[in-house]
Amino acid sequence: MDADSDVALDILITNVVCVFRTRCHLNLRKIALEGANVIYKRDVGKVLMKLRKPRITATIWSSGKVICTGATSEEEAKFGARRLARCLQKLGFQVIFTDFKVVNVLAVCNMPFEIRLPEFTKNNRPHASYEPELHPAVCYRIKTLRATLQIFSTGSITVTG
Amino acid sequence: SSLDVLPRVTCPNHPDSILVEDYRAGDMICSECGLVVGDRVIDVGSEWRTFSNDKATKDPSRVGDTQNPLLSDGDLSTMIGKGTGAASFDEFGNSKYQNRRTMSSSDRAMMNAFKEITNMADRINLPRNIVDRTNNLFKQVYEQKSLKGRSNDAIASACLYIACRQEGVPRTFKEICAVSRISKKEIGRCFKLILKALETSVDLITTGDFMSRFCSNLGLPKQVQMAATHIARKAVELDLVPGRSPISVAAAAIYMASQASAEKRTQKEIGDIAGVADVTIRQSYRLIYPRAPDLFPADFKFDTPVDKLPQL
């Protein structure tokens, strides 16, 4: 499709989602009352903490599992997670930073040409699935890389996985 | 059967000869000499004689419902019905024999789903072949058990959608939603899961699939329908509407065709029939409006000329 001008294909990572565990039970009420920049969602049982420095939104459960979203790179995700753990430590919990794992990376890429979705789907039968009533993009799954690409007709492509 | 190893009896005179069963009389007869060698074979003929002028509805030789062996593993069960006479009710007015014990328990859910499918198909007047196909799909999905957690109604609705697609007469998700209690989102999810579970794929929908239905519902004459079909097809060929759902394009084409003819329809009416918002029709219409003269078929009789078409 785009063989010769591979040079100018900018692909931007827009979101990195990671999880880590603090090996201790966290008191959500205490975090909600004493922490800065926190939102307590009692009906679901979690606390949202938004950090400004690396722009991170973290979802904290009382079991000690934390999910971190909003980072722009894997490095930043790790920094943000560590900073978060430090925050919790300052609030008085015995936090140990374990099991850090990047779960999902979302990237956006733009093709300089438009794409004809029905023909594309016909040529890539098993991998591509297109349902115009449900979603205007073709969903192309690559099993080997465990990646899902959403291909829009304007040429922009979203890669997750 | 008498073709097996002759079970107990042979004709004493002709030990090798084949015995013929005469089921009417319950005998086994030697085919060589006609000797009756076995008797009291169970008679599988009819219990009562039926005459042609007798009450046609009650055929006493049939004693069961039509079997559905393809779908529910053979239905040879008997159910005790509710009593009819006075003797079947005890003092308080409750019936004496309470439950019809659930006979086909293993496939109760499946039979329930089949009933639901028939109801749904009935509401939109789908022919029997689509309903049969839906039943088959449902059975396959049910046996696979990969979608066991999902509501049966959702799976049934998704099977109905797939069956319509496979038969070449797709119905939009919104149309299936209208006859089902399941949300479009859930039907869409089940649809994708079923395709993955059964490892099939379906053809893409085209604008032409819906033209005849939408136009008939709006009461538009054949000319307008053909014109709209032509417009939509041309619009997709020329790629004037990239990324738009074929339903929206079809609706916009119908709007354009109807506005150019004597039978004008408003965007709201078309949106109502097609299940698209009228702003969506407006958007798609704006995309095809510039090339309007090219899109109409060559022999179309314009009631309102092309340049006077409304511009939104």
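Residues numbered from 1 in each chain as written. Chains lettered and ligands numbered in written order. Predicted model: local features only at pLDDT ≥ 70, side-chain atom pairs only at ≥ 80, totals over all residues. Heavy atoms only, no water.

### A look at the sheet that holds strand E7 (residues 128-130) of chain A
Residue and element names in this part refer to chain A. Put simply, the test is: If DSSP finds at least two bridges between two strands, the strands pair. Counting from the N terminus, the helices are the DSSP runs of H or I reaching at least four residues and the strands are the DSSP runs of E reaching at least two. Helix axes are fitted to C-alpha atoms over the stretch in contact, other axes to C-alpha atoms as well, and angles between N-to-C directions run from 0 to 180 degrees.
Taken in spatial order, the 10 strands of this open sheet run E2-E3-E4-E5-E1-E6-E10-E9-E8-E7, and their pairing is antiparallel. Edge strands, defined here as strands with exactly one partner in the open sheet, are strand E2 (38-41) and E7. The sheet shows a mean angle of 20° between the axes of neighbouring strands, taken without regard to direction. Summarising the sheet, strand E6 (residues 97-110) and strand E10 (residues 156-160) pair through five bridges and their orientation is antiparallel. If you follow Ala107 over to E10, its bridge partner there is Val159.

### What to know about the nonpolar core
Residue and element names in this part refer to chain B. Applied cut-off: Residues belong to one nonpolar core when they are buried, are Ala, Val, Leu, Ile, Met, Phe, Trp, Tyr or Cys, and are joined through side-chain atoms within 4.5 Å. Accessible area is worked out with a 1.4 Å probe on protein chains only. A residue is then buried under 20% of its type maximum, exposed over 50%, and partly exposed in between. Two residues qualify as a contact provided that any one of their heavy atoms is within 4.5 Å of a heavy atom in the partner residue.
Met211, Ile231, Ile254, Met256, Ile288 and Leu309 are the most contacted members of the largest nonpolar core, which has 38 residues in total. In terms of residue count, the dominant contributor to this core is helix H9 (residues 246-260) (11 residues). Leave out the neighbours within four places in its chain, and Ile288 touches Ile231, Ala235, Leu240, Val241, Ala252, Ala253, Met256 and Leu295. By size, the runner-up hydrophobic cluster in this structure holds 37 residues, among which are Leu137, Ala163, Cys177 and Leu195.

### Quick look at the sheet that holds strand E3 (residues 36-38) of chain B
All names here are of chain B. Here three strands make up an open sheet; going across it, the order is E1-E2-E3 and the pairing antiparallel. Lying at the two open borders of the sheet, with one neighbouring strand each, are strand E1 (19-22) and E3. Across the sheet, the mean angle separating the axes of adjacent strands is 40° when strand polarity is ignored. Relative to strand E2 (residues 27-30), E1 runs antiparallel, the two sharing four bridges. Note on E2: the bridge partner recorded for Leu19 is Cys30.

### So, the side chain of Thr304 of chain B
Residues and elements named next belong to chain B. Put simply, the test is: Polar contacts, as used here, are pairs of N or O atoms within 3.5 Å; protein pairs need one atom able to donate a hydrogen and one able to accept it. Residues neighboring in sequence count only if both atoms are side-chain atoms.
Of note, Thr304 is situated in the segment after helix H12 (292-295). The class for Thr304 is buried, based on a relative accessible area of 15%. Separated by 3.3 Å, the side chain of Thr304 and the backbone oxygen of Gln259 make a polar contact. The residues touching Thr304, leaving out its near neighbours within four places in the chain, are Gln259, Ala260, Ser261 and Lys264.

### Re the pairing of strand E5 (residues 65-71) of chain A
Residues and elements named next belong to chain A. The sheet contact formed by strand E1 (residues 11-22) and E5 spans five bridges and is antiparallel. Residue Cys18 lies in a different strand from E5, and its bridge partner there is Cys68. Relative to E5, strand E4 (residues 56-61) runs antiparallel, the two sharing four bridges. Bridging across to E5, Ile60 finds its partner in Val66. Taken together, E4 and the strand that follows it, E5, pair antiparallel across an intervening segment of three residues, in which Gly64 is found at a positive phi of about 110°.

### A closer look at the packing of helix H3 (residues 128-144) of chain B against helix H4 (residues 152-166) of chain B
Residue and element names in this part refer to chain B. Cut-off, in case you're wondering: Just so you know how the angles are binned, under 35 degrees is roughly parallel, over 145 roughly antiparallel, 65 to 115 roughly perpendicular, and the rest oblique. For any helix crossing, the convention is left-handed if the near helix is rotated counterclockwise from the far helix by under a right angle, and right-handed if that rotation is clockwise.
Following both chains from N to C, one finds H3 and H4 inclined at 130°, their axes separated by 8 Å at the closest point. Between H3 and H4, the angle falls in the class oblique. The two elements H3 and H4 cross, and the hand of that crossing is right-handed. Contact residues: Ile130, Arg133, Thr134, Leu137, Phe138, Val141 and Tyr142 in H3; Asn152, Ile155, Ala156, Cys159, Leu160, Ile162, Ala163, Cys164 and Gln166 in H4.

### Quick look at the interface of chain B and chain A
The test is simple: When two parts are put together, the accessible area they lose, computed with a 1.4 Å probe and summed over both, is reported as buried area. Whenever a carboxyl oxygen of Asp or Glu lies within 4 Å of a side-chain nitrogen of Lys or Arg, that contact is scored as a salt bridge.
Between chain B and chain A, the contact holds 21 residues from the first and 12 residues from the second. Between chain B and chain A, roughly 1,300 Å² of surface is buried when both sides are summed, and carbon and sulfur atoms account for 56% of that area. Considering only the side of chain B, the residues that lose the most area to chain A are Leu204, Asp239 and Gly243 of chain B, jointly responsible for 34% of the buried surface there. Between chain B and chain A we count two salt bridges in total. Across the pair Arg116 of chain A and Asp239 of chain B runs a salt bridge whose closest N-O atoms are separated by 3.6 Å.

### Topic: the environment of Arg83 of chain A
All names here are of chain A. Along the polypeptide, Arg83 turns up in helix H2 (residues 74-90). The sequence separation of Arg83 and Lys53 amounts to 30 residues, and the corresponding C-alpha distance is 9.4 Å. Ignoring anything within four residues of it in the chain, the contact list for Arg83 reads Leu51, Lys53 and Pro54.

### Let's talk about the confidence of the model for chain B
Going by this rule: pLDDT measures how confident the predictor is about each residue, on a scale from 0 to 100.
Across chain B, the average pLDDT comes to 83, with 78% of residues at 70 or higher. In this model residues 1-6 of chain B is a low-confidence stretch, pLDDT under 50, and it forms seven contacts with partners more than four residues away in sequence or in other chains.

### Side note on the packing of aromatic side chains
Cut-off, in case you're wondering: Each pair of aromatic rings taken from Phe, Tyr and Trp, with Trp reduced to its six-membered ring, is defined by centres within 6.5 Å and is described as stacked if the planes are under 30 degrees apart, edge-to-face if over 60, and tilted in the remaining cases. Two thresholds decide whether a charge sits over a ring: the Lys NZ or Arg CZ must be within 6 Å of the ring centre and within 35 degrees of the ring normal.
Counted under the stated rule, the structure contains 14 aromatic pairs over all chains. Considering the side-chain rings of Tyr255 of chain B and Tyr285 of chain B, the 5.0 Å spacing of their centres and the 75° angle between planes classify their relative orientation as edge-to-face. Of the two residues, Tyr255 of chain B is situated in helix H9 and Tyr285 of chain B in helix H11 (residues 278-288); the sequence distance between them amounts to 30 residues. The exposure class of Tyr255 of chain B is buried, given its relative accessible area of 6%. Summarising the aromatic geometry, the rings of Phe296 of chain B and Phe300 of chain B are spaced 5.1 Å apart at their centres and angled 25° between planes, so their arrangement reads as stacked. The burial state of Phe296 of chain B is the same as that of Phe300 of chain B; both residues are buried. These aromatic residues form a ring-pair network of at least three members: Phe20, Phe97 and Phe100 of chain A. The ring of Phe93 of chain A has Lys30 of chain A lying over it, and the distance from NZ or CZ to the ring centre is 5.1 Å.

### Comments concerning H2 of chain A
Residues and elements named next belong to chain A. For clarity, the cut-off: Expected helix span is computed as 1.5 Å times (number of residues minus one). The arc in question is the one spanned by the directions pointing from the helix axis to the C-beta atoms.
Over its 17 residues, H2 extends 24 Å from the first C-alpha to the last, a length consistent with the 24 Å expected when each residue adds 1.5 Å. All of the buried residues in H2 are Ala77, Gly80, Ala81, Leu84, Ala85 and Leu88. Axial view of H2: buried residues confined to an arc of 140°, hence all on one face. In H2, the exposed positions angled more than 90 degrees off the buried face are occupied by Glu75, Phe79 and Lys90. For H2, the elements touching its buried residues are E1, helix H1 (28-34), strand E3 (46-51), E4, E5 and E6. Looking one or two residues past H2, Gly92 carries a phi angle of roughly 110°, positive in sign.

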